[in-house]
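A structural walkthrough
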Amino acid sequence: MGSWTLDDIPWRSFDAARLDPAIVAIVKAACLVEYNGAAYAHHLCRVFADDPAFQESARRWGAEEVQHGAALSRWVALADPSFDFAAAFTRFQEGYRIDFDSTRSRRGSRAGEMIARCIVETGTSSYYTALRDAAAEPVLREICRRIAADELRHYRLFYKTLRRCLERERLGCWARLRIALGRLAESADDELAYAYYTANEDALPYDRRRYSRAYASRTFPLYRPHHVQRAVAMVLKAIGLTPNARLGRMISALAWRAMRYRLGRLAKATA
Ligand SMILES: [Fe+2]
Ligand SMILES: [Fe+2]
């Protein structure tokens, strides 16, 4: 387990007057994805079947992700007592299925798997930092502060393991970039959209495009340029690129503009 428990959260400071319904909706989705962490830890243990030291780290990592889900779902229970976490999590697990029992990574290799994990931890680390900065409710801010620190530590674990894997595997920058972009697209269009749907809708059928938009239109406004800049630096590091400061800033500015452009299009589509 990590460096904190649910007892460290100041639950009594919860302030219902400072809730934002859009943030409650995305936190409901986040708690489902986080709570599924044990399934990913199981998969990593299968992929690294001959590496007991990494398996131990992966199990600890999985337990921390589950704790993130538990902390966020407890916060949601305060924010919206009508939310049925157990039912939503069952629906999420039934609908979002990947082969967690496979001994082979979907990314083609162990190094590929570590790049994908680095991308996910980049996403979560920047997401919880942005959410902490944007949220007004003090308990959520404290939960996000603790989770963001964990996610950064997770990134470091997977990056260190990636370096170790690359001593044996040959995986060029383009192959690494392809894996990173593939994982980024998956997060945006499938896992999070489906989690958002199962957490917030129980009457209508699933429509990937619709719920991907619904999720993005509530998430993108949280980000500020420095969050994007940091995420871009982490992604570039994972794919083995260390551009000079000027190029790094240019790529970050492009990513920021792409995000704002998508947000503008989302606003038009939902107007
Ligand atoms: Fe997490
Ligand atoms: Fe994490």
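Bear in mind that the values here come from a model prediction, so they are computed numbers and not experimental data.

The subject of this paragraph is the nonpolar core. Core analysis: the largest hydrophobic core is formed by 86 residues, its most contacted members being Leu72, Trp75, Tyr127, Tyr128, Leu131 and Ile143. The dominant element in this core, judged by the number of residues it contributes, is helix H6 (residues 138-166), at 13 residues. If sequence neighbours within four positions are ignored, Tyr128 has contacts with Ala30, Glu34, Leu72, Cys144, Ile147, Ala148 and Glu151.

Summarising the metal site, the iron ion (ligand 2) is bound by the protein donors Glu65 (OE), Glu121 (OE), Glu121 (OE), Glu151 (OE) and His154 (ND1), whose distances to it range over 1.9 to 2.7 Å. The metal-metal distance between the iron ion (ligand 2) and the iron ion (ligand 1) comes to 3.7 Å, with Glu65 coordinating both. Of this pair, Glu121 sits in helix H5 (residues 110-134) while Glu151 is found in helix H6, placing the two residues 30 residues apart along the sequence. Glu151 carries the same exposure label as Glu121, and that label is buried.

Turning our attention to the coordination of the iron ion (ligand 1). Looking at the iron ion (ligand 1), the protein donor atoms are Glu34 (OE), Glu34 (OE), Glu65 (OE), His68 (ND1) and Glu151 (OE), and they sit 2.0 to 2.6 Å from it. When the donor residues of the iron ion (ligand 1) are listed from N- to C-terminus, their spacing reads E-x30-E-x2-H-x82-E.

When you line up the elements, Glu113 lands in helix H5. Buried and unpaired, Glu113 has Arg117 as its nearest opposite-charge partner, separated by 4.2 Å.

Where nonpolar side chains cluster on the molecular surface, the patch consists of Leu247, Met250 and Ile251 and spans about 250 Å² of accessible area. Summarising the element assignment, Ile251 is placed in helix H10 (residues 245-270). Its relative accessible area of 31% is what places Ile251 among the partly exposed residues.

In total, this model carries eleven salt bridges according to the counting rule given. A salt bridge links Asp51 to Arg164; its shortest N-O distance comes to 3.2 Å. Here Asp51 is found in the loop between helix H2 (37-47) and helix H3 (52-79), whereas its partner Arg164 is found in helix H6, with 113 residues between them in sequence. A residue is classified by how much of its surface remains accessible, and Arg164, at 40% relative accessible area, is partly exposed. A cluster of three or more residues bridged by salt bridges with shared partners is formed by Glu64, Asp150 and Arg153.

Definitions and cut-offs
Residues numbered from 1 in each chain as written. Chains lettered and ligands numbered in written order. Predicted model: local features only at pLDDT ≥ 70, side-chain atom pairs only at ≥ 80, totals over all residues. Heavy atoms only, no water. Core = buried A, V, L, I, M, F, W, Y, C linked by side-chain atoms within 4.5 Å. Buried < 20%, exposed > 50% of the residue type's maximum accessible area, 1.4 Å probe, protein only. Helix = DSSP H or I, 4+ residues; strand = E, 2+ residues; numbered from the N terminus. Contact = heavy atoms within 4.5 Å. Donors = N, O, S within 2.8 Å, 3.2 Å for Na, K, Ca; no water. Lys, Arg positive; Asp, Glu negative; His and termini not counted. Salt bridge = Lys/Arg side-chain N within 4 Å of Asp/Glu carboxyl O. Patch = residues over 30% accessible without salt bridge, like charges linked within 9 Å, V, L, I, M, F, W, Y side chains within 5 Å. Areas by Shrake-Rupley, 256 points an atom, 1.4 Å probe, with all protein chains shown as cover.

Purely geometric stuff here, so don't read any function into it on its own.
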